[in-house]
Amino acid sequence: NHQCTKYKFYIAQIIQTNHFETSFEHRLSTSLLFMSNYVKILCCLCGKSIESNVTARCAECLKAEVDITDPIQTANLKVYQCKRCEKWQGKSNHFVPCDLESVELLALLLKKIPGLDKQNLSDASFIWTEPHSKRLKVKVTLKREVLSKITIQQEKMAEFVIENRQCSDCARIYANQPWKALVQLRQRVSHKRTIHQLEQKILSQNSLVQFIDLKAQKDGLDFYFDEKCIAYRFVEWLKGVIPFKHQQSKKLIGADNHSNIAKDQLTIRCDIVPICKGDLVALPSNGGKGMGGELCGRVALVQSITSLIRLVDPMNGKKADITADKYWRHPLAPIASSASLVEFVVLDIEPVDPINFSQDRNEFLIADAEVARKQDLGENDDRFFVRTHLGKYLKAGSEVLGYDLRSGNCNDSALEGLRGEPP
């Protein structure tokens, strides 16, 4: 017929060409292979025009006859979740935290489908279910080559039933002795600014702080741990965050005299320095280099609380650091705290050294300012001329917080050792 005549002419043209420097047999086999891929046939089942293959079937008809998802089990599957902490059980009875329809939960469920590890997984995704239905549905897509170089792709749904199972950490909580170590964090101040700062750091470092329970107390927090080594690691982490002193004790809860085994509970008490950021303190003149250095005998402002106590002199902008050990040897009582701050309005401000005003790259700039209490505006003409270290950040009309030491009450012991009259 016409089609066979066309193929014979095509073969004759390939034989006559001298483009390939190969044998006649190789050129003939290459042309026949090209012809076999080029030929279009009709599917023996649905009649659809397809490329020639050994099955003479299209991909849709082949999917209907061959089930590549049969080796995997998708029915009667179970997954366990702890009702208290909402963690999911993985392998080896290990519970991990996962959000619903998250990538971590999807990877955990795929490992629980029998036979899936031996298949070629192409895609997987969640199918939405009601949150209260206690069901999770996962759609998996498999790809496999069948017969003679024919690749088909099929989808199948796996359904999991959620059942409750208590994890080992929650089981200890409901037992008589749920914890092995306790860290008591205490700060005896009227305002808990340092405690609040520590809470934010714990939330940001949640993977490092592994406690099983947390309880709020009057002067701080109690952290419960299931292992003593984790409690010691937590205390070491605290040393790089806040200044404190600590002491520990043990309580015997059980002993076996025959095997010489004893069970005890460890308690570590951490006392944070009783000053916070923004407090005003008076440094003694005989404190030495470790107690402020050049700031000895002056009133200083607590700039920050980290592993060190950083102080700044608002009169000259000089700074000094105090370690926790130095503080507990010479404790400082704050003259005023953030509870006694008063709102002021800046009326005028002028740098002490106007020549270096634009060239000063330090954190602070000393300036003379004229301020008035915000509540006195429109009632009286009381104005105050003060010196501040915030000259770089203030301008006329700015509202600031400051201490009014005229009406403040402080202990005489806190002012002992000052050089001259208090500001």
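This text follows the structure it describes.
Residues numbered from 1 in each chain as written. Predicted model: local features only at pLDDT ≥ 70, side-chain atom pairs only at ≥ 80, totals over all residues. Heavy atoms only, no water.

### Points about the nonpolar core
Threshold: Residues enter a nonpolar core if they are buried and are Ala, Val, Leu, Ile, Met, Phe, Trp, Tyr or Cys, with the set joined through side-chain atoms within 4.5 Å. Each residue is assigned to one of three classes by its accessible area relative to the maximum for its type, calculated with a 1.4 Å probe on protein chains only: buried under 20%, partly exposed between the two thresholds, exposed over 50%. Helix and strand labels come from DSSP, where a helix needs a run of H or I of at least four residues and a strand needs a run of E of at least two; each type is numbered from the N terminus. Any two residues whose heavy atoms approach within 4.5 Å at even a single point are treated as in contact.
The biggest cluster of nonpolar side chains holds 37 residues, and the ones touching the most others in it are Val-183, Leu-185, Ile-309 and Leu-311. Only strand 9 (181-186), helix 6 (193-204), strand 11 (220-225), helix 7 (228-239), strand 13 (261-272), strand 15 (299-305), strand 16 (309-312) and strand 17 (319-322) provide two or more residues apiece to this core. Here the element with the most residues in this core is helix 7; it accounts for six residues. In this structure Val-183 touches Leu-221, Asp-222, Phe-223, Phe-225, Ala-231, Phe-234, Val-235, Ile-268 and Cys-270, once residues within four positions along its chain are discounted.

### Structural notes on helix 6
Just so we agree on the cut-off: Every helix has an expected span of 1.5 Å times one less than the residues it contains. By arc we mean the arc of the directions from the helix axis to the C-beta atoms, nothing more.
With 12 residues, helix 6 extends 17 Å from end C-alpha to end C-alpha; this agrees with the ideal 16 Å at 1.5 Å per step. Looking at helix 6, one finds that the buried residues are Thr-194, Ile-195, Leu-198 and Ile-202. An end-on view of helix 6 places all buried positions within 95 degrees of arc, on one side of the element. Summarising the geometry of helix 6, the exposed residues directed more than 90 degrees from the buried face are Gln-200, Leu-203 and Ser-204. Tucked into the core, helix 6 has its buried residues touching strand 9, strand 11, helix 7, strand 13 and strand 15.

### Comments concerning unusual backbone geometry
Glycine aside, negative phi is the norm for most residues, and most peptide bonds take the trans geometry. In the Ramachandran plot, Glu-101 falls in the positive-phi region, its phi being about 55 degrees despite a non-glycine side chain. Inspection of the secondary structure puts Glu-101 in the loop between strand 5 (95-97) and helix 4 (103-110). Despite not being glycine, Lys-134 has its phi angle at roughly 60 degrees, a positive value. Looking at the secondary structure, you find Lys-134 in the loop between strand 6 (121-127) and strand 7 (135-146).

### Focus: the environment of Gln-153
Turning to its location among the elements, Gln-153 is positioned in strand 8 (residues 150-164). For the pair Gln-153 and Ser-122, spaced 31 residues apart in the sequence, the C-alpha separation amounts to 8.4 Å. Filtering out sequence-adjacent residues up to four positions away, Gln-153 remains in contact with Lys-63, Ser-122, Thr-141, Leu-142 and Lys-143.

### A few points about the packing of aromatic side chains
Here is the rule: Stacked, tilted and edge-to-face are the three classes assigned to paired rings of Phe, Tyr and Trp, where Trp is represented by its six-membered ring and a pair needs centres within 6.5 Å; plane angles under 30 degrees give stacked, over 60 edge-to-face, the rest tilted.
According to the stated counting rule, one finds seven aromatic pairs in the structure shown. Ring geometry for Phe-234 versus Trp-237: centroids 6.0 Å apart, planes at 20 degrees, classification stacked. Placement of both Phe-234 and Trp-237 in helix 7 is noted, with a separation of three residues, approximately one turn of the helix. Comparing Phe-234 with Trp-237 shows no difference in burial state: the two are buried.

### Re the sheet that holds strand 20 (residues 367-373)
What counts here: Only strands joined by at least two bridges in the DSSP assignment are considered to pair. Between the N-to-C directions of two axes lies an angle of 0 to 180 degrees, each axis being a line fitted to C-alpha atoms and, for a helix, fitted only over the stretch in contact.
Sheet architecture is open: four strands sit in the order 21-20-19-22, paired in antiparallel fashion. The sheet terminates laterally at strand 21 (384-388) and strand 22 (399-402), the two strands that pair on one side only. Here the strands of the sheet are splayed against their neighbours by 50 degrees on average, with no regard to which way each runs. Looking at chain direction, strand 19 (residues 342-351) and strand 22 are connected through four bridges and run antiparallel. Residue pairing in the sheet places Glu-343 in a bridge with Leu-401 of strand 22.

### What to know about the pattern of salt bridges
For the record, the criterion: Here, a salt bridge means any Lys or Arg side-chain nitrogen found within 4 Å of an Asp or Glu carboxyl oxygen.
Tallied over the full model, the rule gives 16 salt bridges. Linking Lys-228 and Asp-264 is a salt bridge whose minimum nitrogen-to-oxygen distance equals 2.3 Å. Remark: Asp-264 occurs in strand 13 and Lys-228 occurs in helix 7; sequence separation between them is 36 residues. For Lys-228, a relative accessible area of 25% corresponds to the partly exposed category. Asp-264 sits in the partly exposed class, given a relative accessible area of 22%. Overlapping salt bridges, with partners in common, bring together Glu-343, Lys-374 and Glu-399 in one network.

Function cannot be inferred from these measures alone, as they are strictly geometric.
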